[in-house]
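Spelled out, the chains give:
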Amino acid sequence: MKPKIHYLLRVALTIFMGLLSRKISAIPTITGDVLYAVMIYWLSRFLFTRKSLLFSFTTTLIFCFAIEFLQLVQHPLLIWIRNNPLLRLVFGQGFLWSDLVAYCLGTVGAACIDNLNYQM
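Residues numbered from 1 in each chain as written. Predicted model: local features only at pLDDT ≥ 70, side-chain atom pairs only at ≥ 80, totals over all residues. Heavy atoms only, no water.

Student: Residue-level account of the overall build of the chain, with values.
Tutor: Looking only at helices and strands, the chain features six helices and zero strands. Starting at the N terminus, the α and β elements of the chain follow one another as α-α-α-α-α-α. In summary, the chain has a C-alpha radius of gyration of 15 Å against a globular reference of 14 Å for 120 residues, a match within 12%. For the C-alpha atoms alone, the extent of the chain along its principal axes is close to 45 × 30 × 25 Å. Within the chain, the proportion of its 120 residues that are buried is 32%. Contacts in the chain between residues far apart in sequence, at least 24 positions, make up 65% of those at least 6 positions apart. Of the roughly 7,800 Å² of accessible surface on the chain, 74% is carried by carbon and sulfur atoms. (Helix = DSSP H or I, 4+ residues; strand = E, 2+ residues; numbered from the N terminus. Rg over C-alpha atoms; globule rule 2.2 N^0.38 Å. Buried < 20%, exposed > 50% of the residue type's maximum accessible area, 1.4 Å probe, protein only. Contact = heavy atoms within 4.5 Å. Areas by Shrake-Rupley, 256 points an atom, 1.4 Å probe, with all protein chains shown as cover.)

If you want it as structure tokens, here you go:
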């Protein structure tokens, strides 16, 4: 299978799992944040297929951390974005230190899975 299709399918599966995790109350809320980072990693691999795994790893962490720290900014446009149900899924609602941990876990997990597949 071509790499771009491979990563796009992973993005779709991760989005499905993330939305499902919001519907099942037994799944810890941190799961959604972990899967968010996983999805961003797969998107990075999709967009930058020829770049290294380290590039996608770094890009994912920078992007996720930037989105999280942006939640500290209370600009009217950002408040409007956070009040929109669909955009809230991308940009989040409020800053939490635990989200940064979840993003690290998701990024490391996705990179490890990718590295295993890359070596095969």
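Student: Give me the lowdown on the nonpolar core, citing residues and values where you can.
Tutor: Of all hydrophobic cores here, the largest spans 17 residues; its most connected members are Tyr36, Tyr41, Trp42, Cys64 and Tyr103. Only helix H1 (3–23), helix H2 (30–47), helix H3 (53–70) and helix H6 (97–119) provide two or more residues apiece to this core. Considering every element that reaches this core, the biggest residue donor is H2, with seven residues. (Core = buried A, V, L, I, M, F, W, Y, C linked by side-chain atoms within 4.5 Å.)

Student: Tell me about the side chain of Asp99, and please be specific about residues and values.
Tutor: Within the secondary structure, Asp99 is located in helix H6. For the buried Asp99, no salt bridge exists, and the shortest N-O distance to an oppositely charged side chain is 9.0 Å, to Arg22. (Lys, Arg positive; Asp, Glu negative; His and termini not counted. Salt bridge = Lys/Arg side-chain N within 4 Å of Asp/Glu carboxyl O.)

Student: Run through helix H4 (residues 76–83), naming residues and quoting values.
Tutor: Among all positions of H4, only Leu78, Ile81 and Arg82 are buried. Viewed along the axis of H4, the buried residues span an arc of 95 degrees, placing them on a single side of the element. Exposed positions of H4 whose direction lies more than 90 degrees from the buried face are Pro76, Trp80 and Asn83. Packed against the buried residues of H4 are H3 and helix H5 (85–91). (Arc of directions from axis to C-beta.)

Student: Describe the environment of Phe16, and please don't skip the residues or the numbers.
Tutor: With respect to the element layout, Phe16 can be found in helix H1. Note: C-alpha distance between Phe16 and Leu35 (19 residues apart in sequence) is 9.9 Å.

Student: Give a description of the state of the cysteines that names residues and reports values.
Tutor: By definition, a disulfide links the sulfur atoms of two cysteines through a covalent bond. Evaluation of the coordinates by the stated rule reveals zero disulfides. Left unpaired, Cys64 is separated from the closest cysteine sulfur, that of Cys104, by 9.1 Å. Exposure remark for Cys64: the relative accessible area of 0% places this residue in the buried category. Note on Cys112: no disulfide assigned, nearest cysteine sulfur contributed by Cys104 at a separation of 13 Å. (Disulfide = S-S within 2.5 Å.)

Student: Outline the packing of aromatic side chains, supporting the account with residue identities and numerical values.
Tutor: To describe a pair of aromatic rings, one takes the distance between the centres and the angle between the planes. In the structure shown here, the tally under the stated rule is seven aromatic pairs. A ring pair is formed by Tyr36 and Tyr103, whose centres lie 5.8 Å apart and whose planes are at 45 degrees; its orientation type is tilted. Of this pair, Tyr36 sits in helix H2 while Tyr103 sits in helix H6; the two residues are 67 residues apart in sequence, bridging distant segments of the chain. As far as burial versus exposure is concerned, Tyr36 and Tyr103 are alike and both buried. Residues Tyr41 and Trp42 carry aromatic rings whose centres are separated by 5.3 Å and whose planes lie at 70 degrees to one another, so their mutual orientation is edge-to-face. The class for Tyr41 is buried, based on a relative accessible area of 0%. Joined through ring pairs, the aromatic side chains of Tyr7, Tyr41 and Trp42 make up one cluster. (Phe/Tyr/Trp six-rings, centres within 6.5 Å; stacked < 30°, edge-to-face > 60°.)

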